[in-house]
Amino acid sequence: MPEQRKLTKKEIRRRKRQRELRIKITILVILLVVLVAAIVLIVRARKKEEAPVNPPVQTSSESSQTGREEIPSQTSAASASDTEIVVTIEPEQRTGRDEQIAAAMLKATQYDYDGAIAALAAIEGADSDSEIIAMMADLETQKSALVGFSPTEITHIFFHSLVVDPARGFSITDSDSWNNGTAGFCQWMTTVDEFNAIMQQMYDRGYVIVSLYDMVNMTTDENGVVHLTPNTIYLPQGKTPFVMSLDDTCYYHSYDGRGCATRLIVGEDGRPTCEYVDAEGVGHVGDYDCIPLFDHFLDAHPDFSYRGAKGTVALTGYNGILGYRTDYCYRDRVELTADQQAWLDANPNYNWEAECEAAKRVADCIKADGWTFASHTWGHIRIGDADMEWLRTDTQKFKEYVDPLIGGTDIIIFAHGQDLASWNEVYSESEKFQYLKSQGYNIYCNVDSSQYFVQIGDLYLRMGRRNLDGYRLYEAVYGGNDRVSDLIDAASVFDPKRPTDAWLYEL
Ligand SMILES: [Zn+2]
């Protein structure tokens, strides 16, 4: 206490200033602590608000796995404002971006440049993505160099069901009737090896499959009448469009024992495939006819198709379709031929409804796979020889027993190479044409060996087709008349397992 009494006034003032300073520092420290705490709370609160960003990101990665794009735009706004969240999104976004680019470039590979450019532009951040910008510029350059093809310069090839086993398909026996069948098979059929060689050679020569529907623009007037105008198809220099159809994809009873597929089915991968029974009677599933063979060729060579186009599958009805016995004759057991009766006898558990259900399931699968169906007339009739009564009856049978299974069609491919009008008739004035047009048919195909046979009238597309079968191959290789040289080298396509006896080809 004595020392206290010794304090001078000066010292008292100094101590007072020191106390005041300590108080000020303490207040400042408290304020700082409060400020820091407030900042931490605000940051935590903001992070909590932005937490719902995650679900849309998951959605986008799920959808990109199924091949669909579209990342919700709110994700980009949120992710751009917070570095920490961008780090968690980026890998998923990157996967989506790569898949979206791949999907866009497949469109370009199949000659849909506008679709590809639009798909690239739709990718999130495309306008500031130098890689995407360069791709879009490259596609614009490719697009500006395309060559337009008039539909009148498009060739149309067709095949029947393929012969898997030439030894059985072309076998000659002591039976005259069997040998008539053999001659038919030699002329009308193509083997699996020949089909594969034709596809490869046409691909190597720059051919690109287009759809019949790519050749025309269709509009429907107020009376429901469909009008057609030519459509130009654009392809790169060096590419040439063609159309393909498959006749009689019904696996007729007359094909039994000829080494062809027995029917089309839905494969384990959900795509169309074939059943086939070999010479030893062992059943197989696989690429035993044009549809799965072409599909797998296209998988490996996607630039063989214009915008995913595939062929047109022409069906009759009298033996059912696609290898299923769906006709009313089997159901009602009426008007049966000997082979139909034999088939029913061999299949006592046959159920017409179940057979139609199975056929429809396969037809749906084939359509979903990119193919279209056509009428080949119900009874494989000779359209030129048939009278109106016969044509009406036949057309109604097709509409009643085939259309419900395939979902209807506006394409008719005439059988026996006939056409509904002769060369000097005005097509649209023919009574048969007017009837078929009234029944909803817009596209009419015949058989013609010339390179191009295309007429587009106001009410129709009429097109000739070229058979790439034993008849044409034999004619080209042994008959001194090569009418397929624009498409293939016939000598290298001709199957060495095919017989070369002239009488089988009736040239
Ligand atoms: Zn036919």
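Please read all numbers here as calculations on a predicted model, not as lab measurements.

### Brief notes about the overall build of the protein chain
Then, number 1: Helix and strand content of the protein chain: 19 helices and 17 strands.
Then, number 2: Here the protein chain holds 507 residues, and the buried ones make up 34% of them.
Then, number 3: Here the analysis covers contacts within the protein chain between residues at least 6 apart in sequence; of these, 70% occur between residues at least 24 apart.

### Observations regarding the packing of helix 15 (residues 388-401) against helix 17 (residues 431-438)
Then, number 1: At a minimum axis separation of 11 Å, helix 15 and helix 17 run at an interaxial angle of 20 degrees. The pairing of helix 15 with helix 17 is recorded here as roughly parallel in orientation. Judged by the sense of rotation from one axis to the other, the crossing of helix 15 with helix 17 is right-handed. Taken together, the residues of helix 17 that come into contact with helix 15 (itself represented by M388, L391 and R392) are E431, K432 and Y435.
Then, number 2: Here the contact of helix 15 with helix 17 is composed, by residue class, of three nonpolar, no polar and three charged.

### A few points about the pairing of strand 11 (residues 312-315)
Then, number 1: Side chains of strand 11 alternate between two faces, with T312 and A314 and V313 and L315 buried alike.
Then, number 2: As defined by bridge partners, strand 7 (residues 240-246) adjoins strand 11 across two bridges and the pair is classed as parallel. Opposite L246, over in strand 11, you have V313 as the bridge partner.

### Topic: the packing of helix 10 (residues 192-204) against helix 11 (residues 290-300)
Then, number 1: Between helix 10 and helix 11, whose axes approach to 11 Å, the crossing angle comes to 35 degrees. Read as a crossing pair, helix 10 and helix 11 show a hand that is right-handed. Note on element contacts: helix 11 touches helix 10 through C290, L293, F294 and F297, opposite V192, F195, N196 and M199.
Then, number 2: Here the contact of helix 10 with helix 11 is composed, by residue class, of seven nonpolar, one polar and no charged.

### Considering helix 9 (residues 176-188)
Then, number 1: Compared with an ideal rise of 1.5 Å per residue, which puts 13 residues at 18 Å, helix 9 spans 18 Å between its outermost C-alpha atoms and is within 8% of the ideal.
Then, number 2: By the burial criterion, the buried members of helix 9 are T182, F185 and C186. Here the buried residues of helix 9 occupy an arc of 100 degrees about the axis, which is enough to place them on one side. In helix 9, the exposed positions that point more than 90 degrees away from the buried face belong to D176, S177 and N180.

### Side note on the pairing of strand 12 (residues 372-375)
Then, number 1: Burial of strand 12 is two-sided: the residues T372 and A374 facing one way and the residues F373 and S375 facing the other way are all buried.
Then, number 2: Bridge analysis of strand 11 against strand 12 gives four bridges, and the strand direction is parallel. Counterpart to V313 in the pairing with strand 12 is F373.

### Structural notes on the sheet that holds strand 8 (residues 261-266)
By way of backbone hydrogen bonds, the strands of a sheet pair with one another, either parallel or antiparallel.
Then, number 1: Pairing within the open sheet is antiparallel, and its three strands lie in the order 8-9-10. The two strands at the open ends of the sheet, each matched to only one other strand, are strand 8 and strand 10 (283-286). Between one strand axis and the next, the sheet turns by 25 degrees as a mean value, whatever way the strands run.
Then, number 2: Of the strands in this sheet, strand 8 and strand 9 (272-277) are in contact with helix 14 (residues 352-368), which crosses strand 8 at around 75 degrees.

### Regarding the environment of I366
Then, number 1: Assignment of secondary structure puts I366 in helix 14.
Then, number 2: Each C-alpha atom of the pair I366 and T273 lies 9.3 Å from the other, and the pair is 93 residues apart in sequence.
Then, number 3: Here I366 is in contact with L264, P272, I291, V313 and W371, once residues within four sequence places are set aside.

### Points about unusual backbone geometry
Then, number 1: The phi dihedral of E335 is positive, around 50 degrees, even though this residue is not glycine.
Then, number 2: Mapping E335 onto the fold places it in the loop between helix 12 (328-332) and helix 13 (338-346).

Thresholds, definitions, all that
- Residues numbered from 1 in each chain as written.
- Predicted model: local features only at pLDDT ≥ 70, side-chain atom pairs only at ≥ 80, totals over all residues.
- Helix = DSSP H or I, 4+ residues; strand = E, 2+ residues; numbered from the N terminus.
- Buried ≥ 20, exposed ≤ 12 C-beta atoms within 10 Å, placed from the backbone.
- Contact = placed C-beta atoms within 7 Å.
- Axes fitted to C-alpha atoms, helices over the stretch in contact; angles between N-to-C directions.
- Parallel < 35°, antiparallel > 145°, perpendicular 65-115°, else oblique.
- Left-handed = near helix turned anticlockwise from the far one by under 90°.
- Nonpolar A, V, L, I, M, F, W, Y, C, P; charged D, E, K, R; others polar.
- Pairing = 2+ DSSP bridges.
- Expected span 1.5 Å × (residues − 1).
- Arc of directions from axis to C-beta.

That's the geometry; what it means functionally is another story.
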